[in-house]
Amino acid sequence: MGQTLTEKILDDHLVEGELEPGEEIGIEIDQVLTQDTTGTMVWLQFEALEMDEVQTDLAAQYCDHQTYQFDFKNTDDHRFLRSAAGTYGAYFSRPGNGICHNVHKENFAAPGKTMLGSDSHTPTPGGLGELAIGAGGLDVAVAMGGGAYFVEMPEVVNVRLEGELPDWASAKDVILELLRRLSVKGGVGKVFEYTGPGVESLTVPERTTITNMGTELGATSSIFPTDEQTKDYLERQGRGDKYVELAPDEDAEYADEIVVDLSDLEPLIAQPSMPDNVVPVREVAGTDVEQVIVGSCTNGGYEDILPAAKMVEGREVAKSTDMIVAPGSKQASELLARGGWTAEMMAAGVNVSEATCGPCIGIGHVPASNSVSVRTFNRNFEGRSGIEDDNVYLCSPEVAAAAAIAGEIVDPRDLADELDDLEAPGVELPDKYDAGKADIIEPEEAIDDELIKGPNIGDVPLKDPLGSDIAGEALLKMEDNITTDHIIPATSDILKFRSNIERLSDFTLSRVDETFADRAREADGGLLVAGENYGQGSSREHAAMCPMYLGIESVLARSFARIHKANLFNFGILPLTIDEDTYEKIEQGDDIEVVDDIAEAVANGKEEFTVRVNDDWEATAELEASEREREILAAGGKLTLTKQRHQSGSGAAPADD
Ligand code: MIC
Ligand code: SF4
């Protein structure tokens, strides 16, 4: 039987297990990516593991989320990250050089390689045939130390693309269409592999928009084969030597097939406040728009901003609407400036920002109260923009620019009918991505050779080994699709404590219940109860670390998002799955006891646990965990376990993890 492209790359990197869907596999990692808000913990953990040097072919540290450095704590974090990259041998991308996924795509992404990144949109370079996976920081630290990465072998789904995109439909509409059909849970445990005749019509930047936002489906990764488009893109980036031809076997078998006829697509938009709340733009046309932002790792490239710039050229943004362009990278900014496009946008009334994630997580350009913001981003979770009860819509740069011109949501096809000189801008790549590299510090150019820690940089918290009892109050009962933005929000006032778990934990679940952290401290721990897809969204391990710090011992949920579940294991929190009846019956404030000698049961491979509620009724909860995950839980977390092994010399380092 032939192999899918995903299986081929995994096979080439396999160090443990078999490529059977659902089985745990260990793979070797070639490249590692970290960014400023997760990176500090990555390096603190790397330090705690007593590693000397990065062991992967390449590691890159980006500073992209909080580049405005509102607080010295952010600047201290950036300085620490530069010192860590220098000390341990990673590339360092300076604040303002751009978003990790964009800068990585431009400079390092390579077909056929594996990558692990401490950011959920790490799968972006799948658009160039790299198999890239998002993970918690500790998994990234271990991989950087040469350890294998362990993940459940995903099902590989064939997304067969047919036809070609019509005018005004874009790559964003491909992924919005998949979200419309499959929902934010539709990709859990899956890799989406794109095939079919429609692939060749899509440029690499269009492909990376799709692979980037595969994360919103909950997917483990997304990948395209390589072809002339890939070669062409790499050559224009001056990296033609990295090209490798990659394709699935003709008789490859997929777990499922989804057909998308590109020629049937029309401009789509995700309504507040979930990326899968997708409708045709025409359905919400006429909605007043106060703010439009073009940018982010999904649509912040040169090729994304150029269409918007062409649309506003020679016109004015509606007086009732602010339009902001936040490029995904300095390369994009520089090319737009050299091409005269920045001046055109400025003349049209666009506010051109530095290259940053910023507004995507509520850092700058927070929308006004009761207003609508239309963005080319990938997430519109409630409150993420920096204001509760926000109304954020997600769409393509063309739909965003149309909204900025009209001051209201409008299908660009209808706007083009109205304004007879508005033409579909199409997709255009520059002849050469000729831009400076001054903001990348190579390992050989390192400025520092020891870690520089500011006063806000704390220690990595450790948990005691798993005990025999887990009992306590159900401190919070939550609904379906709780995001890590709910668990630990990312806005500026909170983000500055990412390197200081003691302070950060004060904000745990504050978006769901402001009293939570105080109650958890008072109760000296307890349990959490949640619906489906608990922990979707960001990879931030802080969403497990902070509850652990507050004494949370177990989460009872209908189902878990992949990265968050791994993070719960890594920080020694027992993730138990419950059925719908149990979920419905448990109430916040109930006393819950997991009946059993937990440490022994976990170590012995027990899958079903009895949960006793209020000493009154009982239900069954399941632990779906590999042997490795059980060991991690028993030890009180992955850092403790890895350190123990390191010290005892028992096959030592993370490589054997
Ligand atoms: C996000 O988009 O939510 C982030 C901010 O990039 C996160 C990383 C983080 O929380 O630092 C992600 O996607 O993993
Ligand atoms: Fe940055 Fe937003 Fe992309 Fe996360 S989703 S990496 S915050 S641009």
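The text that follows walks through the structure, step by step, so that each part is easy to find.

1. A look at the sheet that holds strand 9 (residues 155-162)
In any sheet, the strands associate via hydrogen bonds between backbone groups, in a parallel or an antiparallel arrangement.
Okay, step 1: An order of 11-10-9-12 is seen for the 4 strands of this open sheet, with the pairing classed as parallel. Of all the strands in the sheet, just strand 11 (221-223) and strand 12 (256-261) have a single pairing partner and so form its edges. Along the sheet, successive strands turn relative to each other by an average axial angle of 20 degrees, direction set aside.
Okay, step 2: Across 3 bridges, strand 10 (residues 190-195) lies against strand 11 in parallel orientation.

2. Thoughts on the site of ligand 1
Okay, step 1: Not every one of the 13 residues close to ligand 1 is listed here, only the nearest: Thr 37, Asp 119, Ser 120, Ser 539 and Arg 540.
Okay, step 2: Between ligand 1 and Arg 379 there is a distance of 2.9 Å, counted from an oxygen atom to a side-chain nitrogen or oxygen.
Okay, step 3: Between ligand 1 and the protein, one listed contact pairs an oxygen atom with a side-chain N or O atom of Arg 384 at 2.8 Å.
Okay, step 4: In terms of residue class, the shell around ligand 1 is built from 1 nonpolar, 7 polar and 5 charged.

3. Notes on the environment of Thr 342
Okay, step 1: Relative to the helices and strands, Thr 342 is located in helix 12 (residues 341-348).
Okay, step 2: Taking relative accessible area as the criterion, Thr 342 reaches 16% and is therefore assigned buried.
Okay, step 3: Along the primary structure Thr 342 and Val 352 are separated by 10 residues, whereas in three dimensions their C-alpha atoms are 7.4 Å apart.
Okay, step 4: Those residues in contact with Thr 342 that lie beyond four places of it in its chain are Ser 333, Leu 336, Ala 337 and Val 352.
Okay, step 5: Engagement of the side chain of Thr 342 in a polar contact is seen with the backbone nitrogen of Ala 337, the distance being 3.2 Å.

4. A word on the sheet that holds strand 3 (residues 31-34)
Okay, step 1: With respect to topology, 6 strands assemble into an open sheet ordered 7-6-3-4-5-20, the strand pairing being mixed. Both outer strands of the open sheet, strand 7 (131-134) and strand 20 (440-441), are each paired with one neighbouring strand and no more.
Okay, step 2: The pairing of strand 3 with strand 6 (residues 114-117) spans 3 bridges and is classified as parallel. Bridging from a neighbouring strand, Val 32 pairs with Leu 116 of strand 6.
Okay, step 3: Across the sheet, helix 2 (residues 36-48) is in contact with strand 3 and strand 4 (58-62); its angle to strand 4 comes to roughly 125 degrees.

Calculation rules
Residues numbered from 1 in each chain as written. Chains lettered and ligands numbered in written order. Predicted model: local features only at pLDDT ≥ 70, side-chain atom pairs only at ≥ 80, totals over all residues. Heavy atoms only, no water. Pairing = 2+ DSSP bridges. Helix = DSSP H or I, 4+ residues; strand = E, 2+ residues; numbered from the N terminus. Axes fitted to C-alpha atoms, helices over the stretch in contact; angles between N-to-C directions. Near = heavy atom within 4 Å. Polar contact = N/O pair within 3.5 Å; in protein donor to acceptor, adjacent residues only side chain to side chain. Nonpolar A, V, L, I, M, F, W, Y, C, P; charged D, E, K, R; others polar. Buried < 20%, exposed > 50% of the residue type's maximum accessible area, 1.4 Å probe, protein only. Contact = heavy atoms within 4.5 Å.

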